[in-house]
Amino acid sequence: MRGAYLTSISTQHFGKVSWMSNLVTIFGGSGFVGRYISSQMAQQGWRVRVAVRRPNEALFVRTYGKVGQVEPILANIRDEESTQIAIKGAEIVINCVGILLEDRRQKFKTVQVQGAERIARLSKNEGVKRLVHISAIGADINSESVSARTKGEGEEAILKVFPNAVVLRPSIIFGIEDSFFNRFASMSRMSPFLPIVGASTSFQPVYVDDIATAASSAAMGRVPAGIYELGGPDKETFKMLMERMLKVIRRRKIIINQPIIIANILAYSLDLLQSISMNMFKNSMITRDQVKQLALDNVVTGNKGSFDDFGINPKSMDAILESYLYRYRPYGQYTSIHESAGDN
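Given the structure is predicted, the values throughout are model-derived calculations rather than measurements.

Draft legend 1. Quick peek at the packing of helix α2 (residues 34-43) against helix α7 (residues 208-219). In contact at an axis separation of 8 Å, α2 and α7 are set at 50° when each is read in the N-to-C sense. Our classification of the angle between α2 and α7 gives oblique. Handedness of the crossing formed by α2 with α7: right-handed. On α7, the residues that touch Y36, I37, Q40 and M41 of α2 are V208, D209, A212, T213, A215, S216 and A219.

Draft legend 2. Region of the structure containing the environment of R78. Among the structural elements, R78 can be located in the loop between β3 (70-74) and α3 (80-87). Remark: the alpha-carbon pair of R78 and R118, spanning 40 residues in sequence, is separated by 8.1 Å. A polar contact is formed between the side chain of R78 and the side chain of Q106, at a distance of 2.8 Å.

Draft legend 3. View of α2. α2 sits mainly inside the fold: eight of its 10 residues count as buried. For α2, the complete set of buried residues consists of G34, Y36, I37, S38, S39, Q40, M41 and A42. Residues of α2 that are buried make contact with β1 (23-27), β2 (47-52), β3, β4 (92-95), β5 (130-134) and α7. With its phi angle positive at about 95°, G45 sits one or two positions after the end of α2.

Draft legend 4. Representation of the environment of T83 in the model. Tracing the chain through its elements places T83 in helix α3. On the basis of relative accessibility, which here comes to 0%, the residue T83 falls in the buried class. Distance in space between the C-alpha atoms of T83 and I256 is 45 Å, their sequence separation being 173 residues. The contact partners of T83, leaving out residues within four places of it in the chain, are F27, N76, I77, R118, I119 and L122.

Draft legend 5. Just the pattern of salt bridges, in detail. Enumeration according to the criterion identifies 15 salt bridges in this entry. We note a salt bridge from R169 to E155, for which the minimum N-O separation is 2.6 Å. Here R169, found in strand β6 (residues 166-170), pairs with E155, found in helix α5 (residues 146-161); they are 14 residues apart in sequence, far enough to count as distant. Here R169 matches E155 in class, with each residue buried.

Draft legend 6. Structural context of empty space enclosed by the protein. Considering all chains together, one arrives at one cavity of 30 Å³ or more under this definition. In terms of lining, the largest cavity is formed by V97, G98, Q112, H133, I134, S135 and K151. Split into classes, the residues belonging to the lining of the largest cavity amount to two nonpolar, four polar and one charged.

Draft legend 7. Representation of the pairing of β2 in the model. A large share of β2 lies buried, amounting to six of its six residues. As defined by bridge partners, β1 adjoins β2 across five bridges and the pair is classed as parallel. Note on β2: the bridge partner recorded for V24 is V48. Where β2 lies against β3, five bridges are found, and the strand directions are parallel.

Draft legend 8. Here's a closer look at the sheet that holds β4. With parallel pairing, the seven strands of this open sheet are ordered in space as β3-β2-β1-β4-β5-β6-β11. Lying at the two open borders of the sheet, with one neighbouring strand each, are β3 and β11 (226-230). Here the strands of the sheet are splayed against their neighbours by 20° on average, with no regard to which way each runs. Pairing of β6 with β11, which is carried by five bridges, proceeds in the parallel orientation.

Draft legend 9. Just the packing of aromatic side chains, in detail. Summed over the entire model, instances satisfying the criterion amount to 10 aromatic pairs. Here F60 and Y64 contribute two aromatic rings whose centre-to-centre distance is 6.2 Å and whose plane-to-plane angle is 75°, an arrangement assigned as edge-to-face. Accessibility expressed as a relative area gives 31% for F60, which makes it partly exposed. Judged by centre distance (5.8 Å) and plane angle (35°), the ring pair of F180 and F238 falls under tilted. With F180 in the loop between β7 (173-174) and α6 (181-187) and F238 in helix α8 (residues 238-248), this pair connects stretches of sequence that are 58 residues apart. When sorted by exposure, F180 lands in the same class as F238, which is buried.

Draft legend 10. Representation of a nonpolar patch on the surface in the model. On the surface, a nonpolar cluster with roughly 390 Å² of combined accessible area is contributed by Y268, L272, L273 and I276. With respect to the helices and strands, L272 occurs in helix α9 (residues 260-276).

Draft legend 11. Examining α3 more closely. Buried within α3 are the following residues: S82, T83, I85, A86 and I87. If you check the start of α3, you find a side-chain oxygen 3.4 Å away from the backbone N of E81, and it comes from D79.

Reading guide: rules and limits
Residues numbered from 1 in each chain as written. Predicted model: local features only at pLDDT ≥ 70, side-chain atom pairs only at ≥ 80, totals over all residues. Heavy atoms only, no water. Axes fitted to C-alpha atoms, helices over the stretch in contact; angles between N-to-C directions. Helix = DSSP H or I, 4+ residues; strand = E, 2+ residues; numbered from the N terminus. Parallel < 35°, antiparallel > 145°, perpendicular 65-115°, else oblique. Left-handed = near helix turned anticlockwise from the far one by under 90°. Contact = heavy atoms within 4.5 Å. Polar contact = N/O pair within 3.5 Å; in protein donor to acceptor, adjacent residues only side chain to side chain. Buried < 20%, exposed > 50% of the residue type's maximum accessible area, 1.4 Å probe, protein only. Salt bridge = Lys/Arg side-chain N within 4 Å of Asp/Glu carboxyl O. 1 Å grid on protein atoms, 1.4 Å probe; cavity = no way out; pocket = protein on both sides within 12 Å on 5 of 7 lines; lining within 4 Å. Points joined across faces, edges and corners; volume = space filled by probe spheres on them. Nonpolar A, V, L, I, M, F, W, Y, C, P; charged D, E, K, R; others polar. Pairing = 2+ DSSP bridges. Phe/Tyr/Trp six-rings, centres within 6.5 Å; stacked < 30°, edge-to-face > 60°. Patch = residues over 30% accessible without salt bridge, like charges linked within 9 Å, V, L, I, M, F, W, Y side chains within 5 Å. Areas by Shrake-Rupley, 256 points an atom, 1.4 Å probe, with all protein chains shown as cover.

Everything listed is a geometric property; what it means functionally is a separate question.
This is the structure in structure tokens:
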């Protein structure tokens, strides 16, 4: 029954199950990074199958191409059958699925290790030509952070079954839908203080469209197989990034660096509350695992491939942040007019 149901979903989105050539399957293709990759692959003339858990919430991807060129399809990388159906007939597979927080169903190990291995193994079995996997700087099988460790284990599992895969490790990604600058800009409207953890930790924020360009180039076979670390041109500490963000949104706030020991106590309390509430309360503030990650720099090491291998000159934050953070200014899009009037 489950197979028949999934086949009916496939038929609903693609007509008869006659899997066509020039087809790319993008897992998580409607997410923050995935939607940019989906758009770029469509622009290059590929049929794009966007494999997501909730296809009805991903219908907007259809606008990325001509009628019928980009279609969402039901798939859950924790499920063998739906994953295989999503891959079947594709020449290229791109995996953008990853999680920042765990909940009752989505666990780091099941998504970032088992799910990643499943995609690679089934891609190999189905004769996929190229596989691209989006990981993250800091992925390390020996990391104390569960998120970073499972990303490392996922990479290892992928390369074991699909050794010609391309793995991309971006630093923190920014763009109009990001959960980094948007989150802290939103917080800055509520209090005179802006609390952070790891003020001296360094990052190399990278623009989402540059990641999509790298992923699309890798999918087209324009770089050799291997691991690539992708960081932007600006290397700044967490505190510097917050100062930059506050300058863009025209707000003055006191940045407070919470000591690691205090952050751990808070994170432990919030994690415990989530656990005893059986995930009815979801800790989206700060987890113990995030505290561990924030203690380590998130920058390219120079030991892997880089943007240079793609011929990409990554965009700076100066060129992008103003274009979407303006809405957090005191007068939104009219702030500049208000400032000009105040000068007269």
